[in-house]
Amino acid sequence: MLRWLRLIIVRRAFLVLLLICLGCSAQSPPSSSNSPSAASPQSDITRAVERQVRAHYSLPPDVKVVVGPLRASDFANYDALTITFVSTSKKQDFEFLLARDHKTLMRVTKFDLATDPYAEIMKKIDISGRPTRGNKDAKVILVSYDDFECPFCSRMHQTLFPGLLKEYGDRVLFVYKDFPLEEIHPWAVHAAVDANCLLAESNDAYWDYADYLHANQHAIGGEKGRDGQNAELDKLALSQAEKLNLDLPRLQACIRAQDDKAVRASIKDGEALGLEATPTMFVNGQKLDGAVPPDEVRLALDQALKDAGIAPPEHKPAAAEDAKTPPAAPSR
């Protein structure tokens, strides 16, 4: 009896073990990205994507292309992925769609129609504490990223002032931000720092300085060398203290300190907006690159005024062609 009972227990244990083993052999093995069969197709897709992107954008060999993982998209039969271009100085992300049959790659640009793109740009531009001309309560703001040593900035400056400032009256506020290109303009940062020292004392002192420099850049350059150029800039700035009865000791201390943190912050703001050259202007967020003709600035200003429900001024045919006399040097 005991032997018979043991035999039944052994047979049942054997059947349970057999069923477990059969279940194991029938279960599909989990996919693994580490296994050659699973990794090979994905590697082929990644290589194909990188090759297409490199060819299309003519990327140099030193730019690394990083293909991100696939994820769900808003489009049927397509997955989304991020492709990153990495160079020594820049890193950029781009969004793409990859067909699920892996035969088509598409560049994706998604627009949010619920937001105003120009208003979003203006939110990124910090104009607090910057020099202004025009109506501080104007609904249209022209922000110019400026470089005191840039010849194209000089041309644009003399288009804006006094011509367009006078033409638009209290309809527009003009604001200047710093964006000195020190790689090619050796005294531009020093000039910006001196101008900001003047701005801390007087808005008018800043503009007197800016007007003179933009009309007389040659007076700072020449054969003076970096020290001579900087000394001339400081001399011009200090002359404003005498002309406008500013606090001379405080201005001298600011100029001696040459604190360029505000200038660097303005450069960083500009770079975040994609600036690479000067002048670059934004009219209520609409970007204008370079020393554009006066009529192009008028078109942007007029459209911004209309968008704000304000009638643009009447334009006389020769309004922008008025002869301009270069500002006199600040009194010394």
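Keep in mind the model is a prediction, meaning the values are calculated, not measured.

Engineer: Teacher, can you tell me more about the sheet that holds strand β6 (residues 132-134) here?
Structural biologist: The strands making up a sheet associate through backbone hydrogen bonding, with each pair oriented either parallel or antiparallel. Strand order in the open sheet made by the five strands is β6-β8-β7-β9-β10, with mixed pairing throughout. Edge positions in the sheet fall to β6 and β10 (286-289), since each has one partner strand and no second. For this sheet, the mean inter-axis angle between neighbouring strands, taken without regard to orientation, is 20 degrees. The pairing of strand β7 (residues 140-146) with strand β9 (residues 280-283) spans four bridges and is classified as antiparallel. By the bridge assignment for β9, serine 144 is matched with methionine 281. Against the sheet, helix α6 (residues 203-215) contacts β6, β7 and β8 (172-178), and its axis sits at roughly 90 degrees relative to β6. Against the sheet, helix α9 (residues 261-272) engages β7 and β8, with an angle of about 110 degrees to β8.

Engineer: Looking at this structure, I do not really get the pairing of β9. What am I missing?
Structural biologist: By the alternation rule, side chains of β9 split into Thr280 and Phe282 and Met281 and Val283, which are all buried. Bridge count for β9 against β10 is four bridges, and the pairing is antiparallel. From the neighbouring strand, threonine 280 faces β10, where its bridge partner is aspartate 289. The turn linking β9 back onto β10 is made up of two residues, and asparagine 284 within it adopts a positive phi angle of 50 degrees.

Engineer: What am I meant to see in α9 here?
Structural biologist: Three- or four-residue spacings in an α-helix give side chains the same orientation, since the helix completes a turn every 3.6 residues. Between its terminal C-alpha atoms α9 stretches 17 Å, which fits the 16 Å expected from 12 residues at 1.5 Å a residue. Taken together, the buried positions of α9 are occupied by Val263, Ser266, Ile267 and Gly270. On an axial view of α9, the arc spanned by its buried residues comes to 100 degrees, and they lie on one face. Exposed residues pointing more than 90 degrees away from the buried face of α9 are listed as Lys261, Ala262, Lys268 and Ala272. Contact partners of the buried residues in α9: β7, β8 and α5 (188-201). Where α9 terminates, the next one or two residues include glycine 274, which has phi positive at roughly 90 degrees.

Engineer: Please explain the packing of α5 against helix α7 (residues 225-244) as it appears in this structure.
Structural biologist: If you want to describe how two helices pack, look at the angle between their axes and the distance between the axes. Between α5 and α7, the least distance of the axes is 10 Å, while the angle of their chain directions is 15 degrees. By the angle class used here, α5 and α7 are roughly parallel. For the pair α5 and α7, the sense of crossing is right-handed. Contacts from His190, Ala191, Asp194 and Leu198 of α5 reach α7 at Asn230, Leu233, Asp234, Ala237 and Gln240. Its residues assigned to classes, the contact of α5 with α7 shows four nonpolar, three polar and two charged.

Engineer: How should I be thinking about α6 in this particular structure?
Structural biologist: With 13 residues, α6 should reach 18 Å at 1.5 Å per residue; the first-to-last C-alpha distance of 19 Å fits that figure. The element α6 is extensively covered by neighbouring structure, given that 10 of its 13 residues are classed as buried. Burial in α6 covers these residues: Ala205, Tyr206, Trp207, Tyr209, Ala210, Asp211, Tyr212, Leu213, His214 and Ala215. Summarising the contacts, the buried residues of α6 are in contact with β6, β7, α4 (151-168), β8, α5 and α7. The N-cap residue of α6 is serine 202: its side-chain oxygen and the backbone nitrogen of aspartate 204 are 3.2 Å apart.

Engineer: Where do I start with the nonpolar core in this structure?
Structural biologist: Soluble globular proteins tend to pack their nonpolar side chains together in the buried interior. Judged by nonpolar contacts, the single largest core of 59 residues is most densely connected at Leu142, Phe148, Leu160 and Val297. Here leucine 142 is in contact with Leu160, Val172, Leu173, Phe174, Val175, Met281, Phe282, Val283, Val297 and Leu301, once residues within four sequence places are set aside. Listed in part, the 12 residues of the second largest apolar core include Val49, Val65, Ile83 and Leu98.

Engineer: Please clarify how the environment of leucine 198 should be interpreted in this entry.
Structural biologist: Tracing the chain through its elements places leucine 198 in helix α5. Of the residues examined, leucine 198 reaches a relative accessible area of 0% and is grouped as buried. With 56 residues separating them in the primary sequence, leucine 198 and cysteine 254 have C-alpha atoms 8.9 Å apart. Apart from the residues lying within four places of it in its own chain, the contact partners of leucine 198 are Ala205, Tyr206, Tyr209, Ala237, Gln240, Leu246 and Leu251.

Reading the values: the criteria
- Residues numbered from 1 in each chain as written.
- Predicted model: local features only at pLDDT ≥ 70, side-chain atom pairs only at ≥ 80, totals over all residues.
- Heavy atoms only, no water.
- Pairing = 2+ DSSP bridges.
- Helix = DSSP H or I, 4+ residues; strand = E, 2+ residues; numbered from the N terminus.
- Axes fitted to C-alpha atoms, helices over the stretch in contact; angles between N-to-C directions.
- Contact = heavy atoms within 4.5 Å.
- Buried < 20%, exposed > 50% of the residue type's maximum accessible area, 1.4 Å probe, protein only.
- Expected span 1.5 Å × (residues − 1).
- Arc of directions from axis to C-beta.
- Parallel < 35°, antiparallel > 145°, perpendicular 65-115°, else oblique.
- Left-handed = near helix turned anticlockwise from the far one by under 90°.
- Nonpolar A, V, L, I, M, F, W, Y, C, P; charged D, E, K, R; others polar.
- Polar contact = N/O pair within 3.5 Å; in protein donor to acceptor, adjacent residues only side chain to side chain.
- Core = buried A, V, L, I, M, F, W, Y, C linked by side-chain atoms within 4.5 Å.

That is the geometry; function is a separate question.
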